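So the chains spell out like this:
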Amino acid sequence: FPSRLPNVGTTIFTVMSALAAEHKAVNLGQGFPDFGCDPALIDSVSRAMQAGHNQYPPMTGVPALREVVAQKIEALYGKRYDANSEITVAAGATQAILTVILSCVSPGDEVIVLDPCYDSYVPNIELAGGVPVRVPLTPKTFRPDFGKIAAAITPKTRLLLINTPHNPSGTTWTAQEMQQLQDLLAPTNILLLADEVYEHMVFDGERHESASRYPGLAARSYVISSFGKTFHVTGWKVATVAAPAPLTAEFRKVHQFNVFTVNTPMQVGLAEYLKDPAPYLNLPAFYQKKRDLFRAGLEGTRLKLLPSSGTYFQCVDISAVTDASEAEFCQQLVKDLGVAAIPLSAFYGNGFDQQVVRFCYAKKDETLLAALERLRRL
Ligand code: PMP
Ligand code: GLN
C-alpha cells in the first residue's frame, strides 16, 4: 500500500546514537542528559503511586498540575491561562505538536515552518494533509527573516511554527523579533504553534520571550512546554499546551482520541514538585556553566563556535577543519575520534549544508571533558 510518509526514514538522532554506541563514542549527538534528575522528583512520583494515583486521570490532565502550570506561566510571563479550559497535559511535546497540527490543519492548508526545524514538524503536517512551506532562517546566524516569512504567507496559510529557544541552533528570539511577528500576523487569521520546550534554558541574564507574553500572539497561539527538558527526564514524556479556550477545545477533541490521557502518577508527582520554583529558576545557571565549560574547551581549536544563548546545544562551524559535508564529518568524527554530533542538514528539507554541526552539552562535566580532550585533536 502507498506509504503515508514516503520520504521518512529512521531519525538522525536514532542513527547517531546507534553509531555512537557501536564506536563506544562520547555521545553529544541526540539531545538528552546523561545525569539523573532531582531525587525529590522521583520521591514525589513514587509517593503519588503509593498513594494510589494509578488509574485514568481526567482527559485534560490532573487538575493540580494544570493549576500549578497556569500559576507558573502567570508568574513568569504575565499571562493568566484558565487551568480548566486553556491548559492541557500531553504525552510529551512530540504528541502535543502532532495533536495541535491534526486539530487545526485541514487538507490543503499551508503551514509555515522555519528551517532548520525539529524533525517531526514536517511529517506531522503531511499526515494532516497540510502543505509544509519551509522558510529558512538566516544561514549561520539563525535569525527570522520577516521579509521571507511575509512572502510565504498566502490566503491558504493556516499555521506558523516557531521554536525558541531554538533546536538545533541554540539561538533565542529577541523581544523585537516577537513584536515583529505579532505585527506581521496581526492582520491575518494565522494560528501560531510556539514550541518552547527549552523555555527554562536561556542564558546570560536574558529572559525567555514566550509567545504568551505578547497578547496579539497569545490570542492565536498554542504554547508548548515539556517537563522532559526542564527536569532532566526526557523519557517521561509529559508536556503542557497552553492555548485560548476555543483552540484548546479543538485540541482536546483530537487529544481524547489520540492518547486520551497521560500517565497519572507522573502528573501528580510533577504537580507537587512544581510548587517549588527553585529547580526551574536555577536551570539557566546550571546549563550556562556547562555551556561555558564546553565553549572554553573548544577555544583555540579550528571549530568555530556559534552563539548558544539557550537550549543545551552548541553549534560549530567546521569549515576550517574540513571540506567534507556535515554528514560526512559527523560520520568521521564518531569513527575516528569517538565523538557523536548531529549534522544541521538533518533539520532542513533540502539537505542544505552550511558546514555546521550540533553538539549537546547536557552531559556530566566528566563526559564533556572526555569529549573535549578528543575534539581538541582536530
Ligand atoms: N520540540 C523540540 C524543539 C525538541 O527539541 C524536542 C525534544 N527532542 C521536542 C519538541 C519533543 O519533546 P518531548 O520529548 O517532550 O516529546
Ligand atoms: N530532541 C532531541 C534532539 O534534538 C532528540 C529527540 C529524539 O530523539 N527524537 O536531539
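No experiment lies behind these values; they were computed from the predicted model shown. (Residues numbered from 1 in each chain as written. Chains lettered and ligands numbered in written order. Predicted model: local features only at pLDDT ≥ 70, side-chain atom pairs only at ≥ 80, totals over all residues.)

**Digging into the confidence of the model for the protein chain**
Mean pLDDT over the protein chain stands at 97; residues scoring 70 or higher make up 100%. Confidence, read as mean pLDDT per element, is least for helix H1 (residues 12-22) in the protein chain (93) and greatest for strand E6 (residues 191-195) (99). Interface confidence for the predicted complex, given as ipTM, is 0.97, next to a pTM of 0.98. (pLDDT = per-residue confidence, 0-100. Helix = DSSP H or I, 4+ residues; strand = E, 2+ residues; numbered from the N terminus.)

**Considerations on the site of ligand 2**
The environment of ligand 2 is formed by Thr-11, Phe-13, Gln-30, Gly-31 and Asn-167. For the shell around ligand 2, the class distribution of residues is 1 nonpolar, 4 polar and no charged. (Near = placed C-beta within 6 Å. Nonpolar A, V, L, I, M, F, W, Y, C, P; charged D, E, K, R; others polar.)

**Things to note about the sheet that holds E6**
Strand order in the open sheet formed by 7 strands is E2-E8-E7-E6-E5-E3-E4, with mixed pairing between adjacent strands. Bordering the open sheet on either side are strand E2 (87-90) and strand E4 (131-136), each of which pairs with just one other strand. Neighbour-to-neighbour, the strand axes of the sheet open up by a mean angle of 20°, direction not taken into account. Sheet contacts for helix H3 (residues 63-77): E2 and strand E8 (239-242); angle to E2, the most-contacted strand, approximately 115°. (Pairing = 2+ DSSP bridges. Axes fitted to C-alpha atoms, helices over the stretch in contact; angles between N-to-C directions. Contact = placed C-beta atoms within 7 Å.)

**Topic: the pairing of E6**
Most of E6 sits inside the fold, with 5 of its 5 residues counted as buried. Covered by surrounding structure in E6 are Leu-191, Leu-193 and Asp-195 together with Leu-192 and Ala-194, the residues of both alternating faces. Pairing of strand E5 (residues 157-163) with E6 involves 5 bridges; the strand directions are parallel. The partner of Leu-160 across the bridge, within E6, is Leu-192. (Buried ≥ 20, exposed ≤ 12 C-beta atoms within 10 Å, placed from the backbone.)

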